[in-house]
Each structure stands twice: as C-alpha cells, then as structure tokens.
Amino acid sequence: MKLPLSWLRDWVDWPAEWDAAELARRLTMAGFEVEAMIPAAPAFSGVVVARITQVQPHPQADRLRVCRVIWDEAGAGLADGGAAAGAALQIVCGAPNARAGLVTALATVGATLPDGKVITAATLRGVESSGMLCSARELGLSEASEGLIELPPDAPLGVPLRRYLDLDDVVLEVNVTPNRGDAMSVLGIAREVAALSGAALKAADAVEAGDATEAAGATDLPAAADRMVAKLQPAAGAARFASCVLRAIDNTGATPWWLRERLRRAGVRSISPVVDVTNYVMLELGQPMHAYDLAKLHGGLAARRARSGERLQLLDGREIELGEDVLVIADGKAAVGLAGVMGGVRTAIGRESRDIVLEVAWFAPAAIAGRARRYGLTTDASQRFERGVDWRGQERALARAVRLIRQIAGGAAGPVALAERARELPRTPTVALRPQRLERLLGAAVAGPEVERRLGALGMAVARRRGGWQVRPPPWRFDIAIEVDLIEEVVRLGGFDSIEERAATVPIVPHAAPSRQVDQRVVMRTLAARGYQEVITFAFVDPALQRQLFGEQPSIELANPIAAELAVMRSSLWPGLIGAARENLRRQQPRVRLFEIGSRFGIVPAVAGVAGGDVAVVGKYREQQMLAGIALGTRLPEQWGSEAAPLDFYDIKGDVESLLALAGGSAPMSFAPAEVPCLHPGRSACIRRGDTAVGVVGELHPRLVGALDLTYAPILFELEYAVALRTELAQFREVSRFPRIRRDISLTVPERIAFASVRERVSVTASSLLKELRVFDVYQGKGVEPGRKSLALGLILQDLSRTLTDEDADRLVRAVLDDLQTNLDARIRE
C-alpha cells in the first residue's frame, strides 16, 4: 500500500522530530514493514505557477500557438528569461488545451526537467520562445497526459510548483499483513501512528458517523422520491447496506488536481469525478463503495446469492457464470455487480451519467473470500472485504463521498437509506488478559497502567478485573480473538526492541539419539559435497504439471488455494524441483543440482493398509517424508582440463548409491529396470532395499522435456527417506591377516540380465570367501553375439583362517562360472 505522508498528516500530527525515516522505522517495528520511501515526484527545478493571458496562432505552423504568459499578478517578466520588466513572456506551445486564463506550470529558462533537459531560450519556426509550458508527463507526474497541467484559477502565481503541490512529499510503501485489513487505509495507519506517538487522531472535515444525514444534504430531495432501501437476503453475507441518491451531477468535468494527485501518489489512476471520489474514500477510510447509474437500474437494489446459471458482465468486459454461493448486488431485473469485488457493465458510471446511487455496504469476510480468485480477479475492494472492514463505518464513508461529489460535480442528494440485519452483524468478543501470561510469553513485565494505556490507545475498551483485564477490541479489529493477540498488541506498541534480553530458563532433557536412521544433516552434507543445493518448495503445486508427470493419479485438491497454479497437494517432490530447475535455466544457470527433503501427500486406497512408521495417515489422507533430487546440465563445472560433457543416468545413480551407502550394509541395495510413465524407458530404475522398493531414479521422458521447454533432459530421483536410509548398529568384524587373491573372468550374458543378478549369483556361490566384486569392462559390438553383452569381472577372494591357494581360487571360479551358466545363460568369452 502506498501512503503519502501529506495525506497522513490530515489525520494525525506525529512528533516533529520524527522525520520520514524515523516514522518508517517505528511503523516497521510495530509490524507494518515499510518496504520503500519514494519521493512524490522526480527531481526537477525552476518550474513555477503561471497564467496564460493570450493565445495566438503560430504564423508558420498550424499545430503550434504563441502564448503570452505572466508569472505574477503584476505581469512582471522573468529576469532570466530575457524579458523586460513589466512584460509577459512569449512561449511557443503545441498543447491542445492551451488557452487564455489557464493557470499551469511554467519551466523558466535555466530550469531542469526530470529527464535532465535544461530549458533554454529558443526560436521555433521563426518565433522566439522564452521557456516551456509543461504537461504532467513531462514533469514525471503522470505516465500519459493530453495537454498542459491545469491548476486551480486561484493558484498563487510565481510560487515554485514543487512547493505549491507539495511535491517534496514522501510516499511510504507499507506492507500490511493479511490479518490487518483495518490498516489498509490512511485512517488505519493514522490510528497506529497516533497510538505509537501519543498524538490525538483528527476528524477529517468533521465527517463522523453520527453526522451522515446532515453531511449528505438530506433535505435537498424529497425522501419519498429518492430513498432507496436495499433488500438483504437472510444469511447471504450482507448485513448492512447504506445508499444515497444524487441527482443532476456533472461527471464531465475534471477531478480537482489535489484529489487526482493524491490518487496518483497512492498508485490509483484518475478516471472521472464520481469514480475518483469512491476510490479516494476507500483509500482514506478503508471502506470500499460503488456507484450505479440510476437511469440504468430497474427498480431497487438487493444483496442476494446468485441464482443457478445467472451470468454477469463485469466492468473489465468479461462475462462470467455465477456460482450459487456467490453474493451479488442485483436490481429488479438481474445481477448488476459481484458484491465486494467488481461492478457490472450494465449500470456502470459514465461521463454522461447525471443521476447516480452510491452504495456502501458491509459484507461478511467469509462471503467474499475466494470469490475474486475464482474468477481470476484481485481488486482493492475484495482485498479489504476479505480481511474485514469496520461494520460501523458505512454512514461515515457515505457522508464523506457525498460531500466530495457535491463539491466537485454539484447535484442534489437524497437521504441516506440504511438496511440492516442486526443478528448477522459481528459480535465483538471480550478477551481476558492475565499479567502472568503476559510476562511469561514476553520474558519481561509490563506495568498494569502501561498495559491499559497501550491497549486504550488502539481503541480497545479495557476494564480491570480480578486477576487481570477484560478487553473489548474496536469494531474495525477482526484479528483480536484470544489472549495472545492482546499480548502481541502490548509488545508491538511498546516496541520489540524495548524488551530487555534475558537468558532463557529451559530444562535440558537428554534423549537417546536415533541409531536406526541416518541423520538428515549427514544426508545434506553428502549431497552438498556432490554439488547439490537444498531447496524448499511449496507443498502446493500446479495441477496441470502434476497431471503431466503422473497422469490422472488422484490428487488432494485445496478448497481455497492461494493461486490457481498452487491448487493441489504434491504427490511427489518432483513438480517443485522441476519448477525450481526451470527458473534457474531461465536465469542462465546451465548446470543445476537441487535436492529437497519434504513430505508428499496422497489418498489412501479404501482397501489398502499402511505399514511403516514413516507414513502419517489422517482420515483418508497420507503424508510421507521423501528425499528427492534433480540434476541437469554438464557432468562437471566448466574447466580447462576436460571437455564439457552432459551428465547421464549413471552419474546420478552414483549420487544415489552414495546416499544409500550411508545406511551401511544392513540390507542389500539393488537397481532394477522400471517403467515409470514420466521417465525415459530404458533410462530409469526402481531402487530396492532387499525385496522392498524404496525409490526410483531416471531421466525425464523426452515428451515432457519438450513440453516443459527444458534445455537439457534432467535426471531425477526420489527415495522414501525412512525406509531407504534406515540403518542398523555397526557390527564389528575381524580383519583377516592373510593375503587376498584376485581372479578375472570374462563372459557374456543376455542383454536383459542386470548386473545385480550377476552379483547376486556370484555372492551366493563364492559365499564368505568373496570380499569384493568389481566390474571393469562392459562391451557390446563386434565379436559379441547380437542380443548379448560382455562383462569383465574381478573377484577379490580372502579367507580369515588361512592363505588361499591357486587351486582354491580356481575351484571357486569354476563353481561361479558353472552357476552363472546354469542360472543366467552365461558363456565364457574366448
């Protein structure tokens, strides 16, 4: 939210010693992070207020005109413009709105504009020009403009424009947390500044809740003819609805410069007087409001739920189909607006509108929450209604808007009509606060009178009771419900930095370290040593990406997602890792290694049981901790010692084996070919620990590589953490004192036979004498039968009790070869 300090000053006078930086610091410490302090206008100098006294056509150019300009009431020329004393300046101008009597901005000779341009005297098509008349765009006050700045006729001539428009004002960009909808306004921040500084809150233009009828000018029009009381459907979510009819307004004029300038500084574009006023009041008081063209309404207004199949064309031109749980504003014919979000085209205010109806309502946050996102919208109104607005502020906002519209666009106002469903209005809770609890949570004591002062400064009613206080929050605070909420307010207002540091008193209870699970820190250090970086991604993922990877596998859908692309719970860590890898590629990072330890979520089949302590089941949902990684790019970082080569399946298989080695040899690990739809066939494997599948590793399917616009095909792996990295206590074994002996054999096996099968048969036959089995060559091609592959194996043999002889080794090798020939169709390669 953008907050001009000049606007804030209308509501509260904070101490003079608080400059903009100090005010920003105090707001930040109070929980309202000030993300930036920006000037209200870019730097320029030498620009003053001036009046055009005469306009004549340029003798040599149809689109140019020659203007006579004075800068003070006496008509004195500017000395540095080269004009004689008492003479007006002559300036050539091409703006379409240049006219006699216009008060505008004059850049004198020597002035510097925001783009660095220095104004000099010049001759344009044979006519001398001593200065420049400026548009808002040329001074950096607008992105676009149709002509010269139009200032009020009574603007003091000769005054520097920066001083007249207060362009040295500072605008704060304040990050308001989602629970503080009351602070999304000038008034809301003013309340906080008043509480922080001890200053009194002002009342702007004496417009208070009880003065609404008088401020609206209720006697201008007969009550019977211009009183529009809305119909409120029970339990629909609209409990208060105030309206006022204004007739004979002039919406064709320009909004006053001061109001347009405040809107600009707050980040809102000026549209028309009526719309500008509604936006202004929303920004100032935090109460959204809407205006309808009375001539386009059919009958009175009503707040109700949408009917089945009902459609509405919004102000942005889109036509939507309304759900039956959507709250709408309707006339006697159909819906005319999406309540609390956006109005409809049919009753929109235009420059030709003469009679209007202003609507100011209170909608329950639950009736508005999620509706805007459902239709791909995010509006200022929906943000405020979703968080909660003051349910007693409608009359004040309406009175403020009516007063401003009548000042700007004229017209006559009817009486304020208020419809209310009292039983559906919020009930402000009374919350108990105990000093013992306050001290325990803060680690510091706060004196009773100081607690009462701080809470009272925030508009809360504080009553002392035995053992503490009973506190009633004001109607604009929807975030105060329990005791800790009050404790937060006490410390927030006093300043977190004011709490004295104190050593915590915490009992130290020793616990046995888990001996059957590899420590996560060891896992993370191992992956970091192999070039991986840890990431933490959302547990919510894009349903489209999850479907691309896993087909129509059931996913857990969120009832109220924070964004359309984060609408389901992840059934694997891969969607988040792929998204992170894509972002790195977009930022020109060609070599990516990422890993994550986190939970995946699934739906428990109706007939399935759940085994293992690593799975948490709540109802029909399952949560399981996983370890996953992604790698793509080159095998090694760029260097002079070796050529750049892309990584492959075996590189990442090696990384996975290094992780599995952390668990020791309590159960043999093996890799077997696997068919995973999202992985490349022939370049993917199922990881097994004994007979239990604990994960998968493989290259992403080429179809998905193209669909996801990836430069390289990534290699992915995912392990069930608790099962894959379960370990046993270390078992100590005797080290043999006798020498090892090695025998190499070369054989061929069918291509489909995995090395894991070969290793298993060799281990069974050689038994305890086999200390290590090495593969030092794999070959297919000339000299090897088609459909077979050649393996060269090294058998490392050793006995604990004696030195093995050549006869022992040869006998063992023959037994191994016979077993391989019988069980795996192995053949000795000559």
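The structure presented is a predicted model; accordingly, all values stated were derived computationally and were not measured. (Residues numbered from 1 in each chain as written. Predicted model: local features only at pLDDT ≥ 70, side-chain atom pairs only at ≥ 80, totals over all residues. Heavy atoms only, no water.)

**Examining the nonpolar core**
One recurring pattern in soluble globular proteins: nonpolar side chains tend to sit buried together. Residues Leu8, Leu23, Leu246, Leu358, Leu398 and Ile405 are the most contacted members of the largest nonpolar core, which totals 55 residues. Here Leu23 is in contact with Leu5, Leu8, Trp14, Trp18, Leu172 and Val193, once residues within four sequence places are set aside. Core analysis: the next-biggest nonpolar cluster, separate from the first, contains 42 residues, Ile320, Val328, Ala361 and Ala419 among them. (Core = buried A, V, L, I, M, F, W, Y, C linked by side-chain atoms within 4.5 Å. Buried < 20%, exposed > 50% of the residue type's maximum accessible area, 1.4 Å probe, protein only. Contact = heavy atoms within 4.5 Å.)

**Some details on the pairing of strand β35 (residues 715–720)**
Most of β35 sits out of view: six of its six residues are buried. Bridge count for strand β31 (residues 621–632) against β35 is six bridges, and the pairing is antiparallel. Across the sheet, residue Leu627 finds its bridge partner in β35, namely Leu719. By the bridge criterion, five bridges tie strand β34 (residues 692–700) to β35 in an arrangement that is antiparallel. Paired with Gly695 across the two strands is Leu719, which belongs to β35. (Helix = DSSP H or I, 4+ residues; strand = E, 2+ residues; numbered from the N terminus. Pairing = 2+ DSSP bridges.)

**Thoughts on the sheet that holds strand β23 (residues 431–433)**
The three strands lie next to each other as β23-β25-β24, forming an open sheet whose pairing is antiparallel. Across the chains shown, the open sheet's two edge strands, defined by having one partner strand only, are β23 and β24 (461–465). Strand-to-strand twist of the sheet, defined as the mean angle between neighbouring strand axes without regard to direction, takes the value 25 degrees. Two elements, β24 and strand β25 (residues 468–472), share five bridges in a ladder whose sense is antiparallel. (Axes fitted to C-alpha atoms, helices over the stretch in contact; angles between N-to-C directions.)

**Concerning the layout of surface pockets**
As a volume, the largest pocket reaches approximately 2,000 Å³. As for the largest pocket, its lining consists of 50 residues, and the residues nearest its centre are Met669, Ser670, Phe755, Ala756 and Arg759. Those elements giving two or more residues to the lining of the largest pocket turn out to be α18 (649–660), β32 (669–673), β33 (679–689), α21 (755–766), β37 (770–779) and β38 (788–797). Partitioning the lining of the largest pocket into residue classes produces 24 nonpolar, twelve polar and 14 charged. The volume enclosed by the second largest pocket comes to roughly 1,200 Å³. Along the walls of the second largest pocket sit 37 residues, with Ser142, Ala144, Trp257, Arg260 and Ser270 positioned nearest its centre. For the lining of the second largest pocket, the secondary-structure elements that each account for two or more residues are α6 (257–265) and α7 (273–285). Per-class residue counts for the lining of the second largest pocket are 17 nonpolar, ten polar and ten charged. (1 Å grid on protein atoms, 1.4 Å probe; cavity = no way out; pocket = protein on both sides within 12 Å on 5 of 7 lines; lining within 4 Å. Points joined across faces, edges and corners; volume = space filled by probe spheres on them. Nonpolar A, V, L, I, M, F, W, Y, C, P; charged D, E, K, R; others polar.)

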